[in-house]
Amino acid sequence: MVLVDKTNTPAPSNPTTKMATSSAVQAAHYFSTQTSETFVSAKALLAANDMEGCMSLVEGMIKSTLEAHQNDELAPALGPLYYLYGTTLLYTVEDSTDAIESMNPEDQEEARTGIEEDKEIAWQNLDTARNLVEKIIAEGKADGEMAKSLNLDLAMIHVRLADCSKNNGRFRDALADYATALQLRLACLGPFSQKVADTRYSLAGACTSLAAGEEELTVDGVEETRPLSTEEKDRYKKESVGHYFDCGVSFAGMAADQAGSDPTFKAVLGDDDDDDDDDDDDDDDVKPKTLNTPAAKLKAIRDAIKQMPLFKAYPAKPAADAAEDVKAAWDEEKRNLER
């Protein structure tokens with residue numbers, strides 16, 4: 001069951017040719033689409049769960065943008081449209097998949113065929129958006145906030161590509177795209193960001209799914225399912241624990257910031273030193289002397305947040321040290337998990 005008529009919006013081909021316009025103009029065209037009234041309206045429709053209305057607007061924009069750019073399917077101005085179209089179509093796939101079980105048996109096969117077609121079109125649109133954004137970034141003409149915006153857009157595209165792979169049971173492919181998105185978001189936002197936490201959570205979920213036992217592979221062009229070995233399952237379980245812990249660190253840092261403390265407060269970093277001279281505070285309750293398990297570290301985080309009054313800040317560390325401290329904490333955790 002195809003929910004949206006896509007006959008007038010062919011899936012873009014993979015980019016293989018160079019665009020004639022300068023990279024500065026490419027970036028301008030890209031952002032011009034993003035800030036256009038119609039694009040903003042389409043995003044509002046998606047936020048309101050009106051997916052058909054959103055896709056109808058985007059289809060019209062794709063058609064008019066193609067006409068304005070001599071039918072160049074790789075025009076940078078199309079990048080945001082390919083992303084929004086692919087994202088919206090992916091949401092319809094998820095809704096349609098949930099609805100299949102309530103259909104009559106004779107309708108289910110047709111619905112599944114439509115869903116598979118929609119998945120492919122969604123992936124093609126998202127992958128083309130990825131190529132267009134990567135090309136603009138590679139040209140190096142965007143800097144400052146513009147470069148940051150492009151990199152965050154690229155991260156979001158990788159998240160959606162990972163979601164596509166996850167829907168197809170290709171969790172290893174999903175891991176690769178989620179990992180790329182995480183690197184981009186860390187570079188732009190630092191470790192204490194909701195988007196970073198969301199990506200880490202998605203990585204953990206993909207690892208958990210892989211640890212459940214099977215993965216989809218393409219071998220010599222043929223799709224097949226391969227069972228994972230016990231060693232592989234254990235490795236993905238450990239990686240999942242690590243990503244969940246990192247997710248907790250991100251949220252804990254956000255909570256500390258909201259409470260008026262430095263995000264790199266001691267409980268997150270596993271700092272055993274008692275730097276507070278106030279005898280009324282029992283730091284041992286806040287920061288256990290041994291933080292060798294994820295459970296102990298997360299308990300330390302929770303306890304520290306509970307006892308964190310707005311007027312009391314934990315000793316601050318330079319922002320440049322924050323990422324290294326968090327990485328060191330997780331490196332220690334990985335060593336403990338491998339014992």
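Residues numbered from 1 in each chain as written. Predicted model: local features only at pLDDT ≥ 70, side-chain atom pairs only at ≥ 80, totals over all residues. Heavy atoms only, no water.

Description of the pattern of salt bridges
Between side chains of opposite charge, pairing is possible as soon as their charged atoms come close.
(1) Moving on: Counted under the stated rule, the structure contains 7 salt bridges.
(2) Moving on: A salt bridge links R130 to E134, with the shortest nitrogen-to-oxygen separation between them at 2.9 Å. Taken together, the residues span about one helical turn, with R130 and E134 both in helix α5 (residues 105-139) at a distance of 4 residues.
(3) Moving on: Looking at R130, the relative accessible area reads 17%, which means it is buried.
(4) Moving on: Across the pair E139 and K135 runs a salt bridge whose closest N-O atoms are separated by 3.8 Å. (Salt bridge = Lys/Arg side-chain N within 4 Å of Asp/Glu carboxyl O. Helix = DSSP H or I, 4+ residues; strand = E, 2+ residues; numbered from the N terminus. Buried < 20%, exposed > 50% of the residue type's maximum accessible area, 1.4 Å probe, protein only.)

A word on the UniProt feature "domain: Tetratricopeptide SHNi-TPR" (unreviewed entry) in the chain
(1) Moving on: UniProt annotation of "domain: Tetratricopeptide SHNi-TPR" (unreviewed entry) refers to residues 157-189 when read in the numbering used here.
(2) Moving on: Taken end to end, residues 157-189 is 91% helix and 0% strand, and its two terminal C-alpha atoms sit 17 Å from one another. (UniProt positions renumbered as here; feature names shortened; annotations may be inferred.)

Focus: the environment of E120
(1) Moving on: With respect to the helices, strands and loops of the structure, E120 is situated in helix α5.
(2) Moving on: Judged by relative accessible area, which is 42%, E120 ranks as partly exposed.
(3) Moving on: Linking E120 and G86, residues 34 residues apart in sequence, is a C-alpha distance of 9.5 Å.

Here's the deal with the packing of helix α2 (residues 37-47) against helix α4 (residues 79-99)
Each pair of packed helices can be described by the angle between their axes along with the distance between the axes.
(1) Moving on: Where α2 contacts α4, the axes come no closer than 11 Å and their chain directions differ by 15°. In terms of their interaxial angle, α2 and α4 are classed as roughly parallel. The crossing of α2 and α4 is left-handed. Residues F39, A42, K43 and L46 of α2 form the contact with α4, whose own contacting residues are P80, L81, L84, T87, T88 and Y91. (Axes fitted to C-alpha atoms, helices over the stretch in contact; angles between N-to-C directions. Parallel < 35°, antiparallel > 145°, perpendicular 65-115°, else oblique. Left-handed = near helix turned anticlockwise from the far one by under 90°. Contact = heavy atoms within 4.5 Å.)

Describing the packing of aromatic side chains
(1) Moving on: Tallied over the full model, the rule gives 2 aromatic pairs.
(2) Moving on: Taking 5.3 Å as the distance between ring centres and 90° as the angle between the ring planes, the aromatic pair formed by Y30 and F31 counts as edge-to-face. Each member of the pair, Y30 as well as F31, is classed as buried.
(3) Moving on: Seen from their ring centres, Y201 and Y244 are 5.7 Å apart, and the 70° between their planes marks the pair as edge-to-face. (Phe/Tyr/Trp six-rings, centres within 6.5 Å; stacked < 30°, edge-to-face > 60°.)

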